[in-house]
Amino acid sequence: MSIRATDSATLAIQTRGLGKRFGRQWALAHCDLQVRPGEVLLLAGANGSGKTTLLRLIAGLYKPTQGSMTIYGMDPDQEKLACRRTLTLVGHDNYLYSQLTALEMLQVWTRLRGAELEKAQAIELLREVDLHDRRDYPVGGFSAGMRKRLTLLRTRLEEPRLVLLDEPFSALDAAGQNLIEDWIEGYRSAGKTVVLASHNLPRSSRLCDRAFLLQEGQILWQGTGEAILDQVGTTV
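Residues numbered from 1 in each chain as written. Predicted model: local features only at pLDDT ≥ 70, side-chain atom pairs only at ≥ 80, totals over all residues. Heavy atoms only, no water.

1. Examining the pattern of salt bridges
So the rule is basically this: We define a salt bridge as a side-chain nitrogen of Lys or Arg found within 4 Å of a carboxyl oxygen belonging to Asp or Glu. Runs of H or I in DSSP of at least four residues are treated as helices and runs of E of at least two as strands, each being numbered from the N terminus. Three exposure classes are used, based on accessible area relative to the maximum for each residue type with a 1.4 Å probe and protein chains only: buried under 20%, partly exposed in between, and exposed over 50%.
One pass over the full model with this rule turns up 13 salt bridges. Residue Arg 210 is joined to Glu 39 by a salt bridge in which the shortest nitrogen-to-oxygen separation is 2.6 Å. Of this pair, Arg 210 sits in strand E8 (residues 210-215) while Glu 39 sits in the loop between strand E2 (25-35) and strand E3 (40-44), placing them 171 residues apart in sequence. Each member of the pair, Arg 210 together with Glu 39, is buried. Among the ionic pairs, Lys 63 bridges to Asp 77, the shortest N-O distance being 3.4 Å. Placement of Lys 63 in the loop between helix H1 (51-59) and strand E4 (66-71) and of Asp 77 in the loop between E4 and helix H2 (80-85) is noted, with a sequence separation of 14 residues between them. The same class applies to Lys 63 and to Asp 77, which are both exposed. Three or more residues joined by partner-sharing salt bridges are found here, namely Arg 36, Glu 39 and Arg 210.

Encoded structure:
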């Protein structure tokens, strides 16, 4: 699927020669991306291929060593706060405070965004991920899957235009994975843009409009979700 638009203002994400170096090691190099609003993009590749680095660069958690990037036409260097408010990254770090309850965590996340969340609204959100009956329990006692489901609720709280997901299906049972798949489909229908990095290619490939295969910090291949399964098989 080709991208015809080249004006960065018409794109959700555009990178030109984007790269990040840690010491002498390039984690990502010469990355050129054009992502349309409402598109679901899959980043595939082995551990250390650059997927997480790319997501963190887009989210503004890393400063590029080289290249440039725009988010919905905005330059993150010049409009850092505006870019940050337009996106949500759910990565390997869950940012959960073990002593707080699930209900309190939702309220804390909301206040960090300068808003308030009614208790009834919070309970309904927790019901989406089957944690409403654990709302008053400290999250430090939650299983890995429960912590993952709670963390993924940030994508519902913040209502971003751009959703960045790093291994969203990991630590989840089949029901949890089905729920995240439904959310991603819903985000696409609502015109939101989703970029996900995943090793679960059978599930993630059928969700995406396009897929990119990264290797040693560079884009090795790009094509459709169906084609990536032919390219690398079911796991990478």
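This is not the end of the story, as more comes after the structure.
2. Here we look at helix H5 (residues 144-152)
Under the convention used in this document: In what follows, residue pairs with any heavy atoms lying within 4.5 Å of each other are defined as contacts.
Counting buried residues along H5, seven of its nine residues qualify, which places the element largely inside the surrounding structure. Here H5 has its buried residues at Gly 145, Met 146, Lys 148, Arg 149, Leu 150, Thr 151 and Leu 152. Of the surrounding secondary structure, the elements contacted by the buried residues of H5 are strand E5 (87-90), helix H3 (102-112), helix H4 (119-128), helix H6 (154-157), strand E6 (162-166) and helix H7 (174-189).

3. Things to note about the environment of Ala 12
By the element assignment, Ala 12 lies in the segment before strand E1 (13-22). With 25 residues separating them in the primary sequence, Ala 12 and Pro 37 have C-alpha atoms 4.9 Å apart. In this view, Ala 12 contacts Val 35, Arg 36, Pro 37, Thr 70, Ile 71, Tyr 72 and Thr 193; residues no more than four positions away in its chain are not counted.

4. Considering the packing of aromatic side chains
To describe a pair of aromatic rings, you give the distance between the ring centres and the angle between the ring planes. The following threshold applies: Each aromatic pair joins two rings of Phe, Tyr and Trp (for Trp, the six-membered one) with centres within 6.5 Å, and gets the label stacked for planes under 30 degrees apart, edge-to-face for over 60, and tilted for any other angle.
Enumeration according to the criterion identifies one aromatic pair in this entry. Pairing Phe 22 with Tyr 62 gives two aromatic rings, centres 5.3 Å apart and planes at 75°, and the pair type is edge-to-face. In this pair, Phe 22 sits in strand E1 while Tyr 62 sits in the loop between H1 and E4, placing the two residues 40 residues apart along the sequence. You can call Phe 22 partly exposed: its relative accessible area is 40%.

5. With respect to the layout of surface pockets
Over the atoms rolls a probe the size of a water molecule, and in doing so it shows where empty space is left. Put simply, the rule reads: The definitions used throughout rest on a 1 Å grid laid over the protein atoms alone, on which a cavity is an enclosed set of points accommodating a 1.4 Å probe that cannot get out and a pocket is an open set flanked by protein within 12 Å on both sides along at least five of seven lines; lining residues are those having an atom within 4 Å of a point. Grid points are joined across faces, edges and corners, and a volume is the space filled by probe spheres set on the points. Residues are grouped as follows: Ala, Val, Leu, Ile, Met, Phe, Trp, Tyr, Cys and Pro are nonpolar; Asp, Glu, Lys and Arg are charged; all remaining types, including Gly, are polar.
The computed volume of the largest pocket comes to approximately 510 Å³. Lining the largest pocket we find 23 residues, and of these Arg 84, Leu 89, Tyr 95, Arg 154 and Glu 158 sit closest to its centre. At the level of elements, H1, H2, E5 and H3 are the ones that each hand at least two residues to the lining of the largest pocket. Among the elements that make up the lining of the largest pocket, the one with the highest residue count is H1 (four residues). In terms of residue class, the lining of the largest pocket is made up of 11 nonpolar, four polar and eight charged. Taken as a whole, the second largest pocket holds about 360 Å³ of empty space.

6. Points about the pairing of E5
Selection criterion: Pairing between strands is defined by DSSP: at least two bridges between them are needed.
Here E5 shows two buried faces, one formed by Leu 87 and Leu 89 and the other by Thr 88 and Val 90. Pairing between E5 and E6: four bridges, direction parallel. By the bridge assignment for E6, Val 90 is matched with Leu 165.

7. Thoughts on the sheet that holds E1
Applicable threshold: Angles run from 0 to 180 degrees between N-to-C directions of axes, and those axes are lines fitted to C-alpha atoms, restricted for helices to the stretch in contact.
Taken in spatial order, the three strands line up as E2-E1-E4 in an open sheet, and their pairing is antiparallel. Across the chains shown, the open sheet's two edge strands, defined by having one partner strand only, are E2 and E4. Neighbour to neighbour, the strand axes of the sheet diverge by 25° on average, direction disregarded. Here E1 runs beside E4; their pairing, made up of five bridges, is antiparallel. The partner of Ile 13 across the bridge, within E4, is Ile 71.

Purely geometric stuff here, so don't read any function into it on its own.
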